[in-house]
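# Observations on the three-dimensional arrangement
As a plain string of letters, each chain reads:
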Amino acid sequence: MPFLDWVNKNKAQQAAREVPYHLLKQEAVYGDAAENLLIQGDNLLALKALIPFYAGRVKCIFIDPPYNTQSAFSHYDDKLEHSQWLSMMYPRLVLMRDLLTEDGSIWVTIDDNEAHYLKALMDEVFGRKNFVSTVIWQKKHTRANDARWLSDNHDFVLCAAKNKSIWKRNLLSREGISDSGYSNPDNDPRGIWASGPCHAKTPNQKDIYEITTPAGRRIMPPPGTSWRFSERRFEELITDNRIYFGTKGTNVPRYKRFRTEVQDGLVPTTLWLRDDVGDNQEAKAEVKAFNSEEVFSTPKPERMMRQIIEIASNPNDFVLDSFLGSASSIAVAHKMNRRYIGIEMGDHAVTHCIPRLQKVIAGEQGGISAAVNWQGGGGFRFCTLGEAAFDEHGRINAAVKFATLAAFVWHFETGIPSLQLSPQPSPASGRGRSVVEGEGSNNTPLLGIHNGTAYYLLYNGILGDRKPSSGNVLTHAVLQAINDIFPHAGHKIIYGETTRLGAARLAAENITFKQIPYDVKMRG
Ligand SMILES: C[S@@+](CC[C@H](N)C(=O)[O-])C[C@H]1O[C@@H](n2cnc3c(N)ncnc32)[C@H](O)[C@@H]1O
């Protein structure tokens, strides 16, 4: 497959692997201490910080990155050199791919400035075979008569699946979608209907026959086609009043599809008109409702966010937006009972995102609220980026608590995000490890058992002995305690600062000892 190349592409390719792991610092909790996260900080660092906890767990990613329009908006700059823009996007897309579930998808809004380069970039990161569609979104309806070339009335939404062969799109609910196209000109008691052609584009020789309309007109299928139905089936359909020949009975036959018989939802199309999903103007009015003094200049409408979240996720799934802006996406995810993670580096994380989400929790009635019967409730945690977890020599930052190092070790060894530890360490506390540094967690040295191997971590004096000389050391007494409290007959991998057990004893106990910090590695 041919690849796009640009200056410093090699650095961009390494960036996702090389960017350090940072800790997340919880600043405040709004509403119920839910799993929802709002993170203020550069999304490259924030996405990386999420990896040990959320890799493979996010069902739907929506991003609306700066389009590289060479403008300076009031809340952020959109002026990167073309190669820099590609280098900015590449590692972020790689991390986002790693966060997606196997049946997850990513949706990216963009315009002509970078859309076609972004498509090539997404093909490289997600695989060309996983590209789903380019949607056209009608962002405005008025013609710009002052446009030097063409009036720019649409954006693109590029969609790729992590694995298209298993990704399934949901149907769109019909509620709020007009029944235009349906009518009942013959007063059929079965209600309104729409009609489709009776001929098939791929002809079937046996279905080429003459039809006589009720008014006596004789009709053959159009040249190069055949009827869609056998002669016998056609007669049955006519008897059932499912074929329409026009009010005078002379028209080419049309097949009637009753509204009541159409599947519960609509297959999404690749053309999203403002009547159905809103436009720029509608989105601006929505953000003005919660911050009229400092209007965010490039928001997306809630109805469009709803459309994406509806197609690509189900209640309780994780939705992620790492170019959050005014938080349209996660405000909608909140109202649609999804869990979410939003990342924004600008001050508007505080001036726009927090107030917007607070209003949503209080039951705000703008945007899609009425359509989804939003009544309020829920909550989110507001975090900032903390210190790097390791220094440049690989030494562990003293701020790293047991739960975080446990998450890193578990994810490195098993590839499984630590919030999904399975089975839960025994004695089970029922609490998962928290992405937020210093949060309560099931602090036991047994991290979990995976493929027959049990993983243990001796750190921060986890067994109660906080003396550096002994608390993190695998001694005979510590091994005895581990075997008593967390017995495991099979292979054990134990991380600690050092071990007092000799090679023979380790082998006899089926233990592989790994040394902190040197053996604590992160997945690339
Ligand atoms: C086009 S706006 C998103 C608008 C959003 N969809 C809405 O409805 O309000 C892009 C946002 O990405 C943010 N951003 C740009 N680079 C970022 C980065 N490296 N990390 C985090 N946020 C970033 C900008 O501050 C800006 O708010």
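Scroll up to find the structure this text is about.
Residues numbered from 1 in each chain as written. Predicted model: local features only at pLDDT ≥ 70, side-chain atom pairs only at ≥ 80, totals over all residues. Heavy atoms only, no water.

### What to know about the site of the ligand
The following threshold applies: To be near a molecule or strand, a residue needs just one of its heavy atoms within 4 Å of it. Throughout this description, a polar contact denotes any pair of N or O atoms lying within 3.5 Å of each other; where both atoms belong to protein, one of them has to be capable of donating a hydrogen while the other can accept it, and for residues adjacent in sequence the pair is counted only when both atoms sit in side chains. Areas reported as accessible are Shrake-Rupley estimates using a 1.4 Å probe. Residue values count occlusion only from the protein chains shown. Under the scheme applied here, ten amino acids are nonpolar (Ala, Val, Leu, Ile, Met, Phe, Trp, Tyr, Cys and Pro), four are charged (Asp, Glu, Lys and Arg), and all others, including Gly, are polar.
In the region of the ligand, 20 residues are neighbours, and Asp64, Ser326, Ser328, Glu344 and His348 sit closest. A distance of 3.1 Å separates a nitrogen atom of the ligand from a polar atom in the side chain of Asp42. A total of 600 Å² of accessible area belongs to the ligand in isolation, and the protein chains cover 96% of it. The residue makeup of the shell around the ligand, split by class, is 7 nonpolar, 8 polar and 5 charged.

### Looking at unusual backbone geometry
Stated formally: Here a strand is any run of E in DSSP of at least two residues, a helix any run of H or I of at least four, and the numbering for each starts at the N terminus.
The omega angle of the peptide bond from Ile516 to Pro517 is 0°, so this bond is cis rather than trans. Residue placement: Pro517 occurs in the segment after β27 (511-515). In the Ramachandran plot, Asn187 falls in the positive-phi region, its phi being about 50° despite a non-glycine side chain. Here Asn187 shows up in the loop between β9 (172-173) and β10 (193-197).

### Quick notes on the packing of aromatic side chains
Rules: Centres within 6.5 Å are what make two rings of Phe, Tyr or Trp a pair, Trp counting through its six-membered ring; a difference in plane orientation under 30 degrees is then read as stacked, over 60 as edge-to-face, and the rest as tilted. Throughout, exposure labels follow a simple rule: accessible area from a 1.4 Å probe, protein chains only, divided by the maximum for the residue type, with under 20% read as buried, over 50% as exposed, and the rest as partly exposed. Only lysine NZ and arginine CZ atoms are considered, and such an atom sits over a ring when it is within 6 Å of the ring centre and within 35 degrees of the ring normal.
Using the criterion set out here, one finds 16 aromatic pairs in the structure. Plain terms: the ring middles of Tyr209 and Trp227 are 6.4 Å apart, the flat faces sit at 50° to each other, and that makes the pair tilted. Pair noted here: Tyr209 is in the loop between β11 (199-200) and β12 (211-212) and Trp227 is in strand β14 (residues 226-227), with a separation of 18 residues, a long-range link. The two residues Tyr209 and Trp227 agree in class, both being buried. Geometrically, the ring pair formed by Phe390 and Phe408 is tilted, given 5.7 Å between the ring centres and 35° between the ring planes. Within this pair, whereas Phe390 is found in the loop between β21 (379-388) and α11 (402-414), its partner Phe408 is found in helix α11, the two being separated by 18 residues in sequence. Note on accessibility: Phe390 and Phe408 belong to one class, buried. Aromatic rings pair up to connect Tyr209, Trp227, Phe229, Phe234 and Tyr255 into one cluster. Note that Lys119 overlies the ring of Phe131, its terminal NZ or CZ placed 4.3 Å from the centroid.

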